[in-house]
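# Residue-level structure breakdown
Below, each chain spelled out in residue letters.
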Amino acid sequence: MKECSGHEHGNVLKVPNIIVPRLLRQAWIVASGALLLGCAVTPPPNAAPAPAPIEAQAPAAPGPLVALADQVAIPHVTFTLDNGLTVIVHEDRKAPIVAVSVWYDVGSTDEPAGKTGFAHLFEHLMFNGSENLPGDYFEWTDAIGATSLNGTTQFDRTHYFQNVPTGALERILFMESDRMGYLLGAVTQDKLDTQRAVVQNEKRQRDNRPGARAWGVLLKEMFGKDHPYGHETIGSMADLDSATLGDVRQWFIDHYGPDNAVLVLAGDVDAATARPLVERYFGAIPTGPAQPPIVAEVPSFEQSRRVEVTDGVARPRVTIYWPMPPRTDPDRPALDIAGSVLGGLASSRLDAELVRRREIADFAFAGYIGYQHVGLFSVGGEPREGTSLDTLELALQKEVARLVTQGPSAEEVERAVTDLIAAEVRGLEQVGGSEGKAARLAESYLDHGDAGHFAADLAAYAALTPEAVRAAAARWLEQPTLTLTLLPGEPETVDALEKAPSQASSDTAASPSPPTRTIREIPPIGPTSALDFPEVASVRLSNGATLYHARRSSLPVTSVLIEFDAGRAAEAPDERGIAAMVEALLDEGAGGLSAQEIAERSEALGTEIDFGTALDETVASMSALTVNLDASLDLLATMLRAPDFDLEAIERVRGQLLASRQRTLATIDGVANDLLPAILYHPADPYGGSPYGDPDAIAAIDADDLRDFHARWLRPERANIFVVSDLDTAQVEAMFEQRLGRWTVDEVPAGIKRFAARPARPEGPDVTLVDRPGSSQSLILAAQILPVAPGDELTDLFSANEVFGGSFLGRINMDLREEKGWSYGARGYVIRSSADVFYRLRAPVQADRTADSLRAIIAETHAFLTDAGVSEEELARTQAAQIAELPGRFEMSAALIQGMSNNVEVGRPMDYYETLAERLGAQTSEGLDRAIRAALDPAAFRWIVVGDAETVAPQLEAAGIAFETRSAPEVDAP
């Protein structure tokens, strides 16, 4: 787990270098279309327990804990202001933070004809300042140390959320109320034009992904273009182009009133404290106009239909869709479990039959997704090389028919329900964010008028019988279907590939007059608590593994991360890809247990076990209900110590890995990431291989190679074990000693990583243009190895990069996104690996502005590293943000484990983060400039531009930028 600088809307990112994921079921279920305002944040591994008041009774023997559903609760108080604003307050004192979450009952289903994408466009405008908060919203959230900050737009909802230190509660309530009630005076044509361009680049970025077109085609075919769910939330280019300032102002008046909103406060707060503050800041906002209800019928077909979509995917796929009832329907729990049994679980029927036994699919899936008025059920997969789409489709239909006629077994239902409830328990550890306790309360209220209704939902799952699941499946899965096949080839429409938008409309004549600015006094920020990093015990197991343990008693859940000093850097140059193969095979059979039996055992225990391959580590992670920890550790230890490396499993995983490589290299990021190591390093360097492996090497690896790699690299003395649990250290040590303490591999010598001297920096800019025909965006990627030792203290360098490229407010993002509107987001990261420290910059930009964007980045970089360094305002903002966020930074067990791991890897004391505020507070702008200028050389970047050479090459030539052109890598079939 590598430490890296990067600030995403107030979140300090740790970017794990895991590029080849675990080869489980790679579901291709197109998601709900929720649109993140900022760049995607890589979540920490295995988010674990939640501080809901749960009193789980241990069963006599490890097994399903379905009865836990009756004991999960989120105590809360609900009240309504005179203007209609609903307020929900949940008290959770585990950390000095409050999650502030505002949900507006408006989404893309509310958009009139010709205005698709408008709800999401307006979400962006909500972050561009209000009447009393000029400038960018993130400038104000940074000042208070907000974390987990974002906004999302869905079919049915628009959601704004952030966590803030307790002392900033009054300030953030003022800020959210200013957006709700005092926005129009700050909305201008310039802001609309800029955010329109940003959203259109977001659309280009999404449409540039292979297969992205399928979602929009599905919605049109399933619902029809005039149905509220018949278009994508992000909308069309033409409709976005037509949005006027009058539209914006009217949308705000119609939909952003307090009576159309729910405010949730969860964390270090109580209703007695919250109510007067909410009334003070929100009470004077007038009620909005009543809106007609959405009419959206569940569609029905007279007969099954088919649609074929051609897009830039590497391999064909097939998905069968059924119209479904909404998420509030009584059949929803049974349909959810039907989807899990059929294709949602690792032990699912599709995995067991089509992926493992018959081996006709690289992956297969099934699942139900529900919205406010409608739902969808999907079953699909990707055929293995040599299997036709028709063969796979018939096999999928056969499994659906078997479920409908025979139903699931009692054991399948119990396992699926246990897995679901355990996941709910783990997910509730987080008070805020998009899926924490605040979100759960708001969703329950908006769907049912009762914030606590989710508990009744869990009880309904726990009460399900096999017959109830079969009956619901029969009711809905015997209806006519829509089958969508996705084939490799050129897209059939041009909307995704539109160039610069036409001149945007600026019709203000029909616009409601903006109000005179209402001056309100901005409240001060209260005191921020100091971080209290938990005590961490360190013990050595008898076999040499080191165990680090921190106790947290908020929930009966144990989180584990085991890091082996292995990863891709352990691969020989002629075995690139073997690390990914080994970790993928750890759950494909071990100790005589088949892959099916492993999946069934973990799901029955409510345990999540996962493996991953990073640059420097191979990792195993587990989240288990503590009452089942013994049995969960037994399973994990078996998988680590005694993988079978069965020949059939090896061939299956080999094919899956090569297919995954195909899919990845069809993406613009995959092309760039594949090339970057070869540009930065010598091919024989441990870091010099493609993160996706070498296909010839993968094809040649055999069982002996895998066993040898496992014995030399996945060994206890190379392992650090990090545990956060409600158990004490002695109990945890005894459990791990019993399962892993006797694990030794003395008969095989340990592997050694051989790093040569780090490569010299190039003398001048080096630009490589990789041709990816038809790309609606270009990806600019730059990197350089820094003259910095991995063990150095990098706080000043990290902070300087926050100003330059590591945050939303960083200069390269503000320039390319917020000022020019050429990109959806640009970031730069300082990444610490085992052998060196390197810098990586990523900027997807619209194709017709590629050269302009590259020149802008180069100019910004040169200025920052020479004469326009960190300003006093930037220093103060960065210090305030990083210090204020510290107390809530380790709210979740996964973040705590991450912090423990970072400390061990760098050789820091475990109280390092408690001393960080003092270190940050002592920083100066001169010190930050000195740190980043000593590390970064503007002339030493290696630049990769991936895009349509026909569009991009003339731009680079006209700009006088020297470059070499390469073709995108050819990807052979597995």
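Structural data are supplied above this passage.
Below: a short report on this structure. (Residues numbered from 1 in each chain as written. Predicted model: local features only at pLDDT ≥ 70, side-chain atom pairs only at ≥ 80, totals over all residues. Heavy atoms only, no water.)

## What about the overall build of the protein?
Check the secondary structure of the protein and you find 31 helices and 28 strands. Counting all 974 residues of the protein, 63% fall into the buried class. Long-range pairs, those at least 24 residues apart, make up 83% of the contacts in the protein between residues at least 6 apart in sequence. Accessible surface computed for the protein: about 33,400 Å², of which carbon and sulfur atoms make up 50%. (Helix = DSSP H or I, 4+ residues; strand = E, 2+ residues; numbered from the N terminus. Buried < 20%, exposed > 50% of the residue type's maximum accessible area, 1.4 Å probe, protein only. Contact = heavy atoms within 4.5 Å. Areas by Shrake-Rupley, 256 points an atom, 1.4 Å probe, with all protein chains shown as cover.)

## Some points on the sheet that holds strand β20 (residues 608-613)
Strand order across the open sheet formed by 6 strands is β15-β16-β22-β17-β21-β20, with mixed pairing between neighbours. Whereas interior strands pair on both sides, the edge strands pair on one side only; in this sheet they are β15 (537-540) and β20. The mean inter-strand angle of the sheet, taken between neighbouring strand axes irrespective of direction, is 15°. Bridge analysis of β15 against strand β16 (residues 546-551) gives 4 bridges, and the strand direction is antiparallel. Within β16, the position partnered with alanine 537 by the bridge is histidine 549. (Pairing = 2+ DSSP bridges. Axes fitted to C-alpha atoms, helices over the stretch in contact; angles between N-to-C directions.)

## Some points on the nonpolar core
In globular proteins that are soluble, nonpolar side chains generally tend to be buried together. Ile337, Phe377 and Val379 are the most contacted members of the largest nonpolar core, which totals 64 residues. What isoleucine 337 contacts, discounting residues up to four positions off in sequence, is Val413, Ala416, Val417, Leu420, Tyr461, Leu464 and Val469. Among the nonpolar cores identified, the runner-up in size contains 61 residues, and Val98, Val100, Ala119 and Phe127 belong to it. (Core = buried A, V, L, I, M, F, W, Y, C linked by side-chain atoms within 4.5 Å.)

## Comments concerning the pairing of strand β11 (residues 317-324)
If a strand is regular, its side chains alternate between the two faces of the sheet. The buried fraction of β11 is high, at 8 of 8 residues. Inspection of the sheet shows β11 paired to strand β14 (residues 482-488) by 5 bridges, in the antiparallel sense. Bridging from a neighbouring strand, threonine 319 pairs with leucine 484 of β14. One ladder, built from 7 bridges, connects β11 with strand β13 (residues 375-383); its direction is antiparallel. Bridging from a neighbouring strand, tryptophan 322 pairs with phenylalanine 377 of β13.

## What to know about the packing of aromatic side chains
The description of an aromatic ring pair uses the distance of the two centres, along with the angle that the planes make with each other. Within this structure, the stated rule accounts for 32 aromatic pairs. Ring geometry for phenylalanine 127 versus tyrosine 160: centroids 5.8 Å apart, planes at 50°, classification tilted. Remark: tyrosine 160 occurs in strand β8 (residues 158-165) and phenylalanine 127 occurs in the loop between α1 (118-125) and α2 (137-143); sequence separation between them is 33 residues. Exposure remark for tyrosine 160: the relative accessible area of 0% places this residue in the buried category. (Phe/Tyr/Trp six-rings, centres within 6.5 Å; stacked < 30°, edge-to-face > 60°.)

## Details of the sheet that holds β13
Taken in spatial order, the 5 strands of this open sheet run β10-β14-β11-β13-β12, and their pairing is mixed. The strands lining the two open edges of the sheet, one partner per strand, are β10 (305-311) and β12 (361-370). Strand-to-strand twist across the sheet, computed as the mean angle between neighbouring axes with direction ignored, equals 15°. This element, helix α5 (residues 213-223), spans β10, β11, β13 and β14 of the sheet and lies at about 160° to β10. Packed onto the sheet, helix α10 (residues 349-357) meets β12 and β13 and runs at close to 160° relative to β12.

## Let's talk about the pattern of salt bridges
Pairs may arise between side chains of opposite charge once their charged atoms sit close together. Applying the stated rule across the entire model yields 56 salt bridges. A salt bridge links arginine 652 to glutamate 359, with the nearest nitrogen and oxygen atoms 3.1 Å apart. Highlighted residues: arginine 652 in helix α19 (residues 647-665) and glutamate 359 in the loop between α10 and β12, separated in sequence by 293 residues. A relative accessible area of 8% places arginine 652 in the buried class. Residue aspartate 669 pairs with arginine 842 through a salt bridge whose shortest N-O separation is 2.8 Å. In this pair, aspartate 669 is assigned in helix α20 (residues 668-680) and arginine 842 in strand β26 (residues 837-846), connecting sequence segments 173 residues apart. Via salt bridges that share partners, Arg315, Arg317, Asp362, Glu382, Glu385 and Arg663 belong to a single interconnected network. (Salt bridge = Lys/Arg side-chain N within 4 Å of Asp/Glu carboxyl O.)

## Observations concerning the packing of helix α9 (residues 332-344) against α10
It is at 5 Å that the axes of α9 and α10 come closest, and there the two elements cross at 20°. In terms of orientation, α9 and α10 fall into the roughly parallel class. Between α9 and α10, the contacting residues are Val341, Leu342 and Gly343 on the first element and Arg349, Leu350 and Asp351 on the second. A per-class count over the contact of α9 with α10 returns 3 nonpolar, 1 polar and 2 charged. (Parallel < 35°, antiparallel > 145°, perpendicular 65-115°, else oblique. Nonpolar A, V, L, I, M, F, W, Y, C, P; charged D, E, K, R; others polar.)

## As for the environment of alanine 934
Along the chain, alanine 934 falls in helix α30 (residues 925-935). In this structure alanine 934 comes out as exposed when scored by relative accessible area, which is 56%. Spatially, the C-alpha atom of alanine 934 lies 8.8 Å from that of valine 788, the residues being 146 residues apart in sequence.

## Side note on the side chain of arginine 811
By the element assignment, arginine 811 lies in helix α25 (residues 811-819). With near-sequence residues (within four places) excluded, arginine 811 lies in contact with Val803, Phe804, Glu860, Phe864, Ala868, Gly869, Val870, Ser871 and Glu874.

## Here's the deal with the environment of phenylalanine 79
Checked against the element boundaries, phenylalanine 79 lands in strand β4 (residues 77-80). Sequence-distant contacts of phenylalanine 79, defined by excluding residues within four places in its chain, comprise Leu85, Thr86, Val87, Val89 and Arg275.

## Focus on helix α15 (residues 466-477)
Every α-helix carries 3.6 residues per turn, so stepping three or four residues along brings you back to the same face. Between the first and last C-alpha of α15 there are 16 Å, a value that for 12 residues agrees with the 16 Å anticipated at 1.5 Å per step. Residues Val469, Ala471, Ala472, Ala473, Ala474 and Leu477 constitute the buried set of α15. Those residues of α15 hidden inside the fold are in contact with β11, α9, β13, α11 (389-406) and α12 (410-427). (Expected span 1.5 Å × (residues − 1).)

## Looking at the pairing of strand β9 (residues 261-267)
Most of β9 sits out of view: 7 of its 7 residues are buried. The pairing of strand β5 (residues 86-91) with β9 spans 6 bridges and is parallel. Residue valine 89 lies in a different strand from β9, and its bridge partner there is leucine 265. Pairing analysis gives 7 bridges linking strand β6 (residues 97-104) to β9, with the strands arranged antiparallel.

## A closer look at the side chain of arginine 157
Its location among the elements puts arginine 157 in the loop between β7 (147-153) and β8. Taking relative accessible area as the criterion, arginine 157 reaches 2% and is therefore assigned buried. In contact with arginine 157, other than residues within four places in its own chain, are Trp103, Tyr104, Asp105, Val106, Gly107, Thr152, Arg327, Gln372, Leu446 and Asp447.

## Things to note about unusual backbone geometry
Despite not being glycine, serine 148 has its phi angle at roughly 45°, a positive value. Tracing the sequence through the fold places serine 148 in strand β7. Even without a glycine there, the phi angle at phenylalanine 645 is positive, about 50°.

## Some details on the environment of threonine 391
Tracing the sequence through the fold places threonine 391 in helix α11. With 31 residues separating them in the primary sequence, threonine 391 and isoleucine 360 have C-alpha atoms 8.2 Å apart. A polar atom in the side chain of threonine 391 sits 2.8 Å from the side chain of serine 388. (Polar contact = N/O pair within 3.5 Å; in protein donor to acceptor, adjacent residues only side chain to side chain.)

## Describing the packing of helix α24 (residues 795-806) against α30
The geometry of α24 relative to α30 is characterised by a closest axis approach of 8 Å and an angle of 90° between their N-to-C directions. With respect to each other, α24 and α30 are oriented roughly perpendicular. Contacts between α24 and α30 involve Asp796, Leu797, Ser799, Ala800, Asn801 and Phe804 from the first element and Gly927, Leu928, Ala931, Ile932 and Ala935 from the second. The residue makeup of the contact of α24 with α30, split by class, is 7 nonpolar, 3 polar and 1 charged.

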